[in-house]
Amino acid sequence: MSQPAVDAPQDPFADSEVVLDVKDLVKHFPIKEGTVFKRRTGAVQAVDGVSFQLRRGETIGIVGESGCGKSTVAKLLMRLEEPDSGSVTFRGEDFLSLKGEDLRRMRRKIQIIFQDPYTSLNPRMSVGDIIAEPFKLHPEAKPAQGVRNRVMELLDLVGLDPEHINRYPHQFSGGQRQRIGIARGLALNPDVIICDEPVSALDVSVQAQVMNLLEDLQQELGLSYIFIAHDLSVVRHIADRVAVMYLGKFAELGNDDEIYRMPSHPYTQALLSAVPVPDPRLRESREEIVLKGDPPNPANPPSGCRFRTRCWKATEICVEQEPELIVRPGITQRSACHYASVQAEFPTDSS
């Protein structure tokens, strides 16, 4: 079947500065056995060749099942874990080669918002001390107006009462605690914020409030986000581009309209078919794709395409040859599937 003509969507960030350039990022965690003399018997391939560019003011969403490597990517970009190979360039500077004072200076520009607002805040510290803590690690970044004034300014920026600066985390709700975490992430005026499933622990109504806050802050401060989540419906509301991750690799990468209207990779199609639809008429007309089996062991991934053991379209070539992220004709979407150029058998409008 031939590929239907599709107008290539305009990329609003095409002329924007590349803030973060990630190429072929790899991280394998060794598996060791033995009690005294441990020997390596294999490795968990958590991240295996991830590449993307993040531009100023852009949000890239990374989605996938638990254990696919999303949070490991976040840790590698923060240098909380050291990659085995690959490169990360921040505004033209090799981030992975930095050490000591240079690394500490660069870390001011890449901050993170953690998943759980209940465990990411020290219960023994006041809100003011929590938000001010980055200035202890980076005294050169202390604001001219004073730390306390800056903390009160940040509380107001995220929609909290500055008069509550001396309260403790247990005196706030989950959504308010996440706002405190956001304020802490903004303290050093970063260029990039990594959001590691920042709303997954919150109620649905509170999720929307936090997402709207993140979007408002992005518009006001020119921030770039890497938004990690397992829920495609959440990512749809904030991401400009979406990367679908499976077993340490990107299965598909494209702008949000391409991914949600014309998913080309079978894994993306299956994920989208599982997104709840409020309209019962649409729900009845849409075929749900149920994947068989569990994801393979990341210490021993299948040959060829890693998704082939659960894919209903897999053939001989999928066993023998690993697919690369290729561009589909007429659009910017990239899909690691041998049949990405064939029109997917999925509804063209999943909204």
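In this report, we go over the structure that sits alongside the text. These figures come from a predicted structure and were not determined experimentally. All residue numbers here refer to positions counted from 1 along the written sequence of the relevant chain. Note on the predicted model: pLDDT of at least 70 is required for a residue's local features to be given, and 80 or more for side-chain atom pairs to be given and counted; whole-chain, interface and lining totals, by contrast, use all residues. With hydrogens and water excluded, all non-hydrogen atoms of the structure serve as input to the side-chain values.

**Focus on the overall build of the protein chain**
- To qualify as a helix, a DSSP run of H or I must reach at least 4 residues; to qualify as a strand, a run of E must reach at least 2; elements of each kind are numbered from the N terminus. Within the protein chain one finds 11 helices and 12 strands.
- The globule rule puts the C-alpha radius of gyration for 351 residues at 20 Å, and the 22 Å found for the protein chain is close to it.
- Once the C-alpha set of the protein chain is aligned to its principal axes, its extents read approximately 65 × 60 × 40 Å.
- Taken across its 351 residues, the protein chain has 49% of its residues classed as buried.
- Once local pairs closer than 6 in sequence are excluded, the contacts in the protein chain between residues at least 24 apart make up 65%.
- In this description, accessible areas are obtained by the Shrake-Rupley approach with a 1.4 Å probe, and a residue is regarded as covered only by the protein chains that are shown. When the accessible surface of the protein chain is split by element, carbon and sulfur atoms take 48% of a total near 17300 Å².
- The convention is simple: Lys and Arg are positive, Asp and Glu are negative, and His and the chain ends are not counted. Think of each charge as sitting on NZ of Lys, CZ of Arg, CG of Asp or CD of Glu. A gap of 6 Å separates the mean positions of the 41 positive and 49 negative side-chain charges of the protein chain. As defined in this context, the radius of gyration uses C-alpha atoms, and a globule is described by 2.2 Å times the residue total to the power 0.38. Note on classification: 1.4 Å probe, protein chains only; a residue is buried when its accessible area is under 20% of the maximum for its type, exposed when over 50%, partly exposed between these limits. We call two residues contacting when some pair of their heavy atoms lies within 4.5 Å.

**Some details on the pattern of salt bridges**
- Every case where a carboxyl oxygen of Asp or Glu lies within 4 Å of a side-chain nitrogen of Lys or Arg is listed as a salt bridge. Taken as a whole and judged by the stated rule, the model has 15 salt bridges.
- With a shortest N-O distance of 3.5 Å, E93 and R105 are connected by a salt bridge. Of this pair, E93 sits in strand β5 (residues 93-94) while R105 sits in helix α2 (residues 100-107); the two residues are 12 residues apart in sequence, bridging distant segments of the chain.
- Looking at E93, the relative accessible area reads 29%, which means it is partly exposed.
- Residue R261 pairs with D257 through a salt bridge whose shortest N-O separation is 3.0 Å. Here R261 and its partner D257 are both found in helix α8 (residues 256-261), four residues apart, which amounts to about one turn of the helix.
- A network of salt bridges, in which partner residues are shared, links D48, K249, R306 and E322.

**Some details on the layout of surface pockets**
- By volume, the largest pocket is sized at about 840 Å³.
- For the lining of the largest pocket, the element with the highest residue contribution is strand β2 (residues 39-55), accounting for seven residues.
- Classes in brief: Ala, Val, Leu, Ile, Met, Phe, Trp, Tyr, Cys and Pro nonpolar; Asp, Glu, Lys and Arg charged; the others, Gly included, polar. Grouping the constituent residues of the lining of the largest pocket by class yields 16 nonpolar, nine polar and 14 charged.
- Definitions used throughout: a 1 Å grid over protein atoms alone; a cavity as a set of points that fits a 1.4 Å probe which cannot get out; a pocket as an open set with protein on both sides within 12 Å along at least five of seven lines; a lining residue as one with an atom within 4 Å of a point. Grid points are joined across faces, edges and corners, and a volume is the space filled by probe spheres set on the points. In this model, the second largest pocket occupies a volume close to 430 Å³.
- Those elements giving two or more residues to the lining of the second largest pocket turn out to be α2, β6 (110-113), α3 (127-137) and α5 (174-186).
- Ranked by the residues each element gives to the lining of the second largest pocket, the list is headed by α2, at four residues.
- For the lining of the second largest pocket, the per-class residue count stands at nine nonpolar, four polar and four charged.

**Looking at the sheet that holds strand β7 (residues 192-196)**
- Here eight strands make up an open sheet; going across it, the order is β6-β7-β8-β3-β9-β10-β12-β11 and the pairing mixed. The strands lining the two open edges of the sheet, one partner per strand, are β6 and β11 (326-327).
- In this analysis, strands are considered paired if DSSP registers two or more bridges between them. Bridge count for strand β10 (residues 249-255) against strand β12 (residues 334-335) is two bridges, and the pairing is antiparallel. Note on β12: the bridge partner recorded for E252 is S335.

**Quick notes on the pairing of β2**
- Pairing of strand β1 (residues 18-33) with β2, which is carried by 13 bridges, proceeds in the antiparallel orientation. Among the inter-strand pairings, K32 is bridged to a residue of β2, identified as R40.
- Connecting the antiparallel pair β1 and β2 is a turn made up of five residues, with G34 showing a positive phi of about 110 degrees.

**Considering the sheet that holds β5**
- A sheet is described by the order of its strands in space; here four strands give the open sequence β2-β1-β4-β5, paired in antiparallel fashion. Of all the strands in the sheet, the pair left with one neighbour each is β2 and β5.
- Here two bridges tie strand β4 (residues 85-90) to β5, and the two strands are oriented antiparallel to one another. Among the inter-strand pairings, T89 is bridged to a residue of β5, identified as D94.
- Between the N-to-C directions of two axes lies an angle of 0 to 180 degrees, each axis being a line fitted to C-alpha atoms and, for a helix, fitted only over the stretch in contact. Packing against the sheet, helix α1 (residues 70-78) makes contact with β1, β2 and β4, and its axis sits at approximately 115 degrees to β1.

**Here we look at the side chain of T59**
- Tracing the backbone shows T59 in strand β3 (residues 59-63).
- Residue T59 is classed as buried on the basis of its relative accessible area, which comes to 0%.
- Counting of polar contacts relies on pairs of N or O atoms within 3.5 Å, with two restrictions inside protein: one atom must be capable of donating a hydrogen and the other of accepting it, and residues adjacent in sequence are counted only when both atoms are side-chain atoms. Side chain to side chain, T59 and Q218 meet in a polar contact 2.8 Å long.
- If near-sequence neighbours (up to four positions away) are discounted, T59 is found in contact with Q218, Y225, F227, I238, A239, D240 and R241.

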